[in-house]
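The primary structure of each chain is shown beneath.
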Amino acid sequence: MRESIIIIALFATILGCKKENPEGWIDEERILIETARDWLSLGGNYKQQHYSNLDQINSGNLEDLGFAWEYDARSTIGRIPRGLEATPFVVDGIMYTSGAWGFVYAINAKTGEEIWKYDPKVDASYNRRTCCDVVNRGVAVWKGKVYVGTLDGYMVCLNAKDGKVLWRKDTFTDRTLAYTITGPPQVAGDIVIIGNSGAEFGVRGYITAYDLDSGEQKWRFFIVPGDPKKGFEHKELEMASKTWDPNSNWEAGGGGTVWGQSAYDPKLNLLYVGTGNSSPYPIWLRSPSGGDNLFLSSILAINPDNGKLIWHYQTTPGEIWDYTSTQNIILADLEIQGEKRKVLMQAPKNGFFYILDRATGELLSAEKYTKVNWASHVDLKTGKPVKTGQGWYKDEPKLVNPSLPGGHSWNPMSYSPKTGLVYIPEIIYPWIYMVDESFEFKKLKWGTGILYDGTGPPYSEENRKYLLGQTDTVEMNKLKAWDPIKQQVAWEIVQPVTRGNGGVLSTAGNLVFQGINTGYLKIYEAATGELLKEIEVGTGIMAAPMSYEIDGEQYIAVMAGYGGNELIIGPVDKRAAIHKYQNYGRILAFKLGGGDTPLPPKVVISKIPEPIELELDEQMVEKGESLFFTYCVGCHLAGENTEYYSQYPNLAKVIPATHGIFKDIVLKGVFAPNGMASFADVLDENDVDAIQQYLVKQQTGLYKNQESQEKNQND
Ligand code: CA
């Protein structure tokens, strides 16, 4: 029998019809290989380390590293450039990855040529439901199929060969709430799971598991309980509900959305999921009597066969700071106190670097990897952080480190088994937390229970008093090499910019690759942090680079495209690439012997057009300003030269013809094909008049300045 198989295989090889894997073929045997030349998960293989075993590109030949190809991955919904956050897969020479809204691209990874593209045809109005841009953090590829979660909530299974839809399932429990999907799916055993986003708008997080082939729903795990009076969907929620006030603000959802990079250990058959922050943030507005509020800000280990919780660890009990634990989870085998342990590692937003035994959930260590003032340490016996009081902003505003973007956000960190170091894109963003006493839950409306005006860097004059007595008040980004066993910094570099600290790749070539928002791909020596090379690409990079080999050549690739939370958080650092070059999404690949990277076209600043004549009423202008900052500012700015940091239309530059149809745009959605959906559900005609008055006032002021400047130049 055995001989005959070998003979058939020999014949097949001679005849040139050796059976090859179908496109996108990743199976358990393949993903367990730790020295693969392909990139078979978001993090490379099942350990999700964002590490490549390839060493052809190394410190000895970096001068030869250059541009290989690029792929235009700009969003085709509307004309607005969007952030790119995914790490691509490469399987047998084909790259699979996702872009804004949940577009999927299959690309020849040697040439950059498109093989197919999937358009999820998302209604542009979903734009309004996102906290942090219409991004997508990646696909899953498994046994010839590509899985993606679309912004509007569908789990879609595509044929890896041609991009045809094999099945598509609605994952939302309630379409009247501001659920979206921005996170990646994760394959575990026979199922694929997907979570969701939207905690800042008041939703209840959950993950849903689907059969890989049929798309049949297998189970659903809610991260937080609902109103106990209504019963529990699964028994874990009964346990979780004991950590909530029975009279919690259940309407506001509770939060706990899952939008980060999960992991799966096929040997232990455990799925690891990180959960998100609370809704609303202040616990006294959410669960008035307090409590840990499980399973917010937690790491869950779930049996994928039945959706049962095996163990859980909560990183931030009683979460009130937007401290998600959705940051990427890395699996590793570490020797800790002389004992080889199968661990998982995470650097969640709360500032502590966690190592857990991934079979049992036992906490092995938790030390501060960044500035932390809300807790002094984590008690290894109880597993809980010991709070200092500086984080408690109920009675008075408090400057807290880390804050909303976390000490580490979604941008993947990397672990090199070769150096033993974890490379963290660290964020220091001290923030004054101030409770919004007027908070009330309203469907589809942003509502976190805290105030945003002048509370973040650089802080308004009147809020600066809350910085007094605090030592760490300066915003900063770092690339930090962290020794997980010694629990200390091995090296760190301070980035030249803030708000743009990209994901990280480390390789066996003793290299660390990281893109930042200056539009440079930077390459460091993994052991020392010495900057070895930087390649100007002209596009801000947030995503993590990855690496693969085709025909004996090693490639480094990265999705470049600035947006996401980094852009929305506020006016961006002047040194960012978007102050020079037009920002649009592209995938860039590099190899030895490559050339210069083509730079995007320069930004063009247009003049302020003459404003329309409009009688302004001060009260209406004031009302308009408030509405503008509630509903419009998520996308639009109305000021000078906003082209540099936002390519959304600058509403201080609206031309008279557009002002003429202003109401139709805002209430009837006449620009919906461009991504500007109707706001008729939340704004009425008087509101729109008020917004228009505010904008005309802004425009008039800027126009006068422009005129006097021009006059001065001419004089
Ligand atoms: Ca959040």
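What counts and how
Residues numbered from 1 in each chain as written. Predicted model: local features only at pLDDT ≥ 70, side-chain atom pairs only at ≥ 80, totals over all residues. Heavy atoms only, no water. Pairing = 2+ DSSP bridges. Helix = DSSP H or I, 4+ residues; strand = E, 2+ residues; numbered from the N terminus. Axes fitted to C-alpha atoms, helices over the stretch in contact; angles between N-to-C directions. Donors = N, O, S within 2.8 Å, 3.2 Å for Na, K, Ca; no water. Buried < 20%, exposed > 50% of the residue type's maximum accessible area, 1.4 Å probe, protein only. Domains from an automatic or database assignment. Patch = residues over 30% accessible without salt bridge, like charges linked within 9 Å, V, L, I, M, F, W, Y side chains within 5 Å. Areas by Shrake-Rupley, 256 points an atom, 1.4 Å probe, with all protein chains shown as cover. Salt bridge = Lys/Arg side-chain N within 4 Å of Asp/Glu carboxyl O. Lys, Arg positive; Asp, Glu negative; His and termini not counted. Charge placed at Lys NZ, Arg CZ, Asp CG, Glu CD. Expected span 1.5 Å × (residues − 1). Contact = heavy atoms within 4.5 Å. Core = buried A, V, L, I, M, F, W, Y, C linked by side-chain atoms within 4.5 Å. Disulfide = S-S within 2.5 Å.

**Q** Even after reading the chapter, I still don't get the sheet that holds strand β17 (residues 270–274), so can you show me in this structure?
**A** Hydrogen bonds along the backbone pair up the strands of a sheet, which may run parallel or antiparallel. As summarised here, the arrangement of the 4 strands in space is β16-β17-β19-β20, forming an open sheet in which the pairing is antiparallel. The sheet is open, and its two edges are formed by β16 (263–265) and β20 (308–314), each paired on a single side. In this sheet, neighbouring strand axes are inclined to one another by 20 degrees on average, regardless of whether the strands run parallel or antiparallel. In this structure, β16 lies alongside β17, joined through 3 bridges in antiparallel fashion. Looking at β17, one finds that Tyr264 is bridged to Leu271.

**Q** What am I meant to see in the coordination of the calcium ion here?
**A** Each donor-metal-donor angle would ideally measure 109.5 degrees in four-coordinate tetrahedral geometry, or 90 or 180 degrees in six-coordinate octahedral geometry. The calcium ion binds to the protein through Glu200 (OE), Glu200 (OE), Asn277 (OD1) and Asp322 (OD); the donor distances cover 2.3 to 3.1 Å. The sequence motif formed by the donor residues of the calcium ion is E-x76-N-x44-D. You can see Asn277 sitting in the loop between β17 and β18 (278–279) and its partner Asp322 sitting in the loop between β20 and β21 (330–336), a full 45 residues away along the chain. Neither residue differs from the other here; Asn277 and Asp322 are each classed as buried.

**Q** Just to check I follow, could you spell out the side chain of Ser409 for this structure?
**A** Within the secondary structure, Ser409 sits in the loop between β27 (398–400) and β28 (414–416). Accessibility expressed as a relative area gives 7% for Ser409, which makes it buried.

**Q** Help me understand the pairing of strand β26 (residues 384–387), please; the structure alone is not making it clear to me.
**A** Every regular strand shows the same layout, with side chains that alternate between the two sheet faces. Where strand β25 (residues 375–379) and β26 come together, 4 bridges link them in antiparallel fashion. Its bridge partner lying in β26, Asp379 is registered against Lys384. The antiparallel pairing of β25 with β26 creates a hairpin that spans 4 residues between the two strands, and Gly383 there sits at a positive phi of about 80 degrees.

**Q** Looking at this model, I keep getting lost on the domain arrangement of the protein chain. Mind explaining?
**A** When the parts come together, some accessible area is lost, and that loss is often what is quoted as the size of the interface. Domain boundaries assigned for the protein chain yield domain 1 (23–592) and domain 2 (618–714). Each of domain 1 and domain 2 was reduced to a C-alpha centroid, and the two centroids are 33 Å apart.

**Q** Sorry if this is basic, but what is going on with the sheet that holds strand β13 (residues 206–211) here?
**A** Sheet architecture is open: 4 strands sit in the order β11-β12-β13-β14, paired in antiparallel fashion. Pairing within the sheet leaves two strands with one partner each, and these edge strands are β11 (186–188) and β14 (217–222). Pairwise comparison of adjacent strand axes, ignoring direction, gives a mean angle of 25 degrees for this sheet. Bridge count between strand β12 (residues 191–194) and β13: 4 bridges; the pairing is antiparallel. Within β13, the position partnered with Val192 by the bridge is Tyr210.

**Q** Please clarify how a negative patch on the surface should be interpreted in this entry.
**A** A surface patch of negative charge is lined by Asp453, Glu462, Glu622 and Glu625. Along the chain, Glu622 turns up in helix α6 (residues 618–632).

**Q** Whenever I open this one, α6 confuses me. Can you help?
**A** In this model α6 runs 20 Å from its N-terminal to its C-terminal C-alpha over 15 residues, within 8% of the 21 Å that 1.5 Å per residue would give. Buried residues along α6 sit against α9 (685–714).

**Q** I tried to follow the nonpolar core on my own but got confused; where do I start?
**A** Buried together is how nonpolar side chains tend to be arranged in soluble globular proteins. If you look at the biggest cluster of nonpolar residues, it comprises 77 residues, and the most contacted ones within it are Tyr96, Val146, Tyr147, Tyr272, Trp311 and Tyr393. No other element matches the 5 residues that strand β9 (residues 154–159) contributes to this core. Excluding its chain neighbours within four sequence positions, the residues that come into contact with Trp311 are Leu270, Tyr272, Ile299, Leu300, Ala301, Leu344, Leu356, Asp357, Arg358, Ala359, Thr360 and Gly361.

**Q** Looking at this model, I keep getting lost on the state of the cysteines. Mind explaining?
**A** In a disulfide, the sulfur atoms of two cysteines are covalently bonded to one another. Under the counting rule described, the total for this entry stands at 1 disulfide. Two residues, Cys131 and Cys132, share a disulfide whose sulfurs are 2.1 Å apart. Here Cys131 and Cys132 share a disulfide; its torsion about the S-S bond, -100 degrees, makes the bridge left-handed.

**Q** I would appreciate a short explanation of unusual backbone geometry in the present structure.
**A** Trans is the prevailing form of peptide bonds, just as negative phi is the prevailing case for residues other than glycine. Note the cis peptide between Asn401 and Pro402, where omega equals -15 degrees. Considering the arrangement of structural elements, one finds Pro402 in the loop between β27 and β28. With an omega dihedral of 10 degrees, the bond running from Pro457 to Pro458 counts as a cis peptide bond. Within the chain, Trp101 stands out as a residue other than glycine whose phi angle is a positive 70 degrees. By the element assignment, Trp101 lies in the loop between β4 (94–98) and β5 (104–108). Even without a glycine there, the phi angle at Asp551 is positive, about 50 degrees. Here Asp551 falls in the exposed class, since its relative accessible area comes to 62%.

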